[in-house]
Amino acid sequence: MANHLQNQTSPYLRQHGDNPVDWYPWCQEAFQRAREEDKPIFLSVGYSTCHWCHVMARESFQDPEVAELLNEGFVSIKVDREERPDIDSLSMSICQAFTGGGGWPTTVFLTPDQIPFFAGTYFPKDSSRGLPGLLQLLPAIRRAWQTDRDRLMAQGEQVLAYLQAEAPPAAEPDTSLLKKALDQWRASFDPVWGGFGSAPKFPMGHSLVFLLACGEKTGDKPALAMAEKTLEQLYLGGIFDHVGGGFARYSTDRQFLVPHFEKMLYDNALLTLAYCKAYQVTRRSLYLQVAQRTADYVLRDLILPGGAFAGAQDADSGGEEGRYYTLTPEEVLSVLGEELGEKFNRCYHITPEGNFLGKNIPNLLQGLSAPEDCEEALPLLRAYREKRCSLARDDKVLTGWNGLMIAALAALYRVSGQERYLEGARGALAYLDRVHWRGDDLFATSLAEQTGPKAFLEDYAFLSFGLLHLYEATLEPRYLDQAQSLCRRVLADFPDKGRGGFYLAAKDSQPLLLRPKETADGALPSGNTMLGYVLVRLAQLTGEETWDRAAQEQLAFLAGQAAAYPTAYPVYLLALLARTHPPEEITLVLAPGQTPPAQPWPFPLDAVVKILPGPQGDYALLDGKTTYYVCKDHTCLPPTTQYPR
């Protein structure tokens, strides 16, 4: 049976294209049909690599009995949260208002006018484990719609009033927020296993970047120690794929041993940035190695024809969660032979008992032997895994996530000097420039070069972030110019002029019941916090008043939002830190016949660098040699022929 999803640009929607449920994408046709037939909307939001989305699809959406209930009593809409973050944001807020929590799949019941009256996450087919089943829930909601609609509408109006509550007013941003955040992080830090809070634990690479930058800028040793401990444990545990490289989305336990196995492009981008920063601050080679292995995984397994990066790899393989990644001692021995196999099993704690459903997630938590002794085993085991079973990949190209990966690859080029990372960043940008721009419009997604919806705030902010990193790595003006063009578009099309900050969708976007505006950072930074950071950096890199004023306004808006729980705003804190602790300003004057130095430069990653081809104005050569002019801490140092480390 075909429904309305088979020709969509989202792999997630296409996965449901042959369900017996008569799915629609989010469209006016679906809402018009609901009005004409006087039926409520059944809205299901998920994404293609979500384990519980797959479970609900297998149990219910592929089941004729559930499909019959949905088709008779409802108009069903399926949404890819990655393709439509505006709908996802609103649906998640509704779910949290009804249940106090959220997650994916997100399930929302709406009137034909988009008023929500019931919500949840995963529902089984039959009631179990304290969860109502769809076979029981759907008839009950249909009866209530027919006989007690006033009560449902009253619930919906209460939720709407909650969602429309006044946000905190803008405030004066100051360093007290930095101290408050560090106190909150210290209170939740796990000194044994790293990370923050209890299980499940998310890696939160952007929080680690802030803690590293804070330690570097302010000398706060506990901030640096928390970040380093977490980065070490992330690497040692099973959340890092020791065979293939790259990180899974989160850990289900305190130790970072057992991951939720899906791999997301954005996590690997943010963690690459964190390990690059850790290496730049500490010069510890382990951090550079992990950053390179993570980026190499992306360049090998997520790169698409044309140079852009796919969004994710699935958690499930062969119908089981994690099957692709787990090993038995016998499998290892059969692939590697006895000597190397025994060494690998000992090093990565591959035992007969296993650590996950009778099999083993390779990890270094036991510290039994040196992993460098097993380097030759990794490509052999990687080839074995690929032959044994395959991983589904979401080949959708997301502008924002690719922007984050562009930033990560540019940063890795800066600390490693390896040209392949710069070329990877340039290749992804070239694809976005060619496919995701149509006239003056930027688009959020594409699949096989067919574009999806127009870009959202996070797309503009994350891509600008990537462009600034490319500019800082190459000093090519075109990247800085393009970042400025993107930000001018944001200032024109996304602002909430009444209350400050920026909406998630542009002013000409398809209207929803409410216009979402996200401020807090989750597993991904919010568009608002990332834009705040980008505006601060634009002001520092260009010296233009326009960007300085916009940065001031955005930091003030976010100060009010972040006042109670600043740890929920790490990218805002990073912007505030950049503002209150300005970067070094370095002008390098080249002597005759000299060329710009090759990466890696000895400068801090956030330094504002200019390279002059020869003496200009006040910038003269010292003793006829290449000369450095360095200003930091509001003081300009004497010119020197050696960069003052």
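For the structure itself, look to the data block above.
Model, not experiment: these values are computed from the prediction. (Residues numbered from 1 in each chain as written. Predicted model: local features only at pLDDT ≥ 70, side-chain atom pairs only at ≥ 80, totals over all residues. Heavy atoms only, no water.)

Engineer: Quick question: what am I supposed to make of the state of the cysteines here?
Structural biologist: Here is the idea: a disulfide is a covalent bond, and it sits between the sulfur atoms of two cysteines. Scanning the model with the defined rule gives 1 disulfide in all. With a sulfur-sulfur separation of 2.1 Å, cysteine 631 is cross-linked through a disulfide to cysteine 636. Where cysteine 631 bonds to cysteine 636 through sulfur, the torsion about that S-S bond is close to 95 degrees, and the disulfide is right-handed. Left without a disulfide partner, cysteine 95 is nearest to the cysteine sulfur of cysteine 53, which lies 12 Å away. (Disulfide = S-S within 2.5 Å.)

Engineer: Would you mind going over the sheet that holds strand β8 (residues 263-264) with me for this structure?
Structural biologist: Strand pairing in a sheet relies on backbone hydrogen bonds, with the paired strands running either antiparallel or parallel. Reading across from one edge, β8-β9-β12 is the order of the 3 strands in this open sheet, with antiparallel pairing throughout. The sheet terminates laterally at β8 and β12 (393-394), the two strands that pair on one side only. Relative to β12, strand β9 (residues 312-313) runs antiparallel, the two sharing 2 bridges. Considered in β12, the bridge of glutamine 313 is made with arginine 393. (Pairing = 2+ DSSP bridges. Helix = DSSP H or I, 4+ residues; strand = E, 2+ residues; numbered from the N terminus.)

Engineer: Could you clarify how one ought to interpret a negative patch on the surface in this entry?
Structural biologist: A grouping of Glu338, Glu339, Glu342 and Glu376 is seen on the molecular surface, where their side chains present a negatively charged patch. Relative to the helices and strands, glutamate 342 is located in helix α14 (residues 338-347). Assessed through its relative accessible area of 38%, glutamate 342 is described here as partly exposed. (Patch = residues over 30% accessible without salt bridge, like charges linked within 9 Å, V, L, I, M, F, W, Y side chains within 5 Å. Areas by Shrake-Rupley, 256 points an atom, 1.4 Å probe, with all protein chains shown as cover. Salt bridge = Lys/Arg side-chain N within 4 Å of Asp/Glu carboxyl O. Lys, Arg positive; Asp, Glu negative; His and termini not counted. Charge placed at Lys NZ, Arg CZ, Asp CG, Glu CD. Buried < 20%, exposed > 50% of the residue type's maximum accessible area, 1.4 Å probe, protein only.)

Engineer: What exactly am I supposed to notice about the layout of surface pockets here?
Structural biologist: Picture a little ball the size of a water molecule; that probe, rolled over the atoms, points out where space is still empty. Within this model, the largest pocket holds a volume of roughly 1,600 Å³. Among the elements of the structure, α5 (85-99) and α7 (149-163) are those that each provide at least two residues to the lining of the largest pocket. The element contributing the most residues to the lining of the largest pocket is α5, with 8 residues. Classifying every residue of the lining of the largest pocket gives 21 nonpolar, 11 polar and 11 charged. (1 Å grid on protein atoms, 1.4 Å probe; cavity = no way out; pocket = protein on both sides within 12 Å on 5 of 7 lines; lining within 4 Å. Points joined across faces, edges and corners; volume = space filled by probe spheres on them. Nonpolar A, V, L, I, M, F, W, Y, C, P; charged D, E, K, R; others polar.)

So far we have only geometry, and geometry alone does not tell us how the molecule works.
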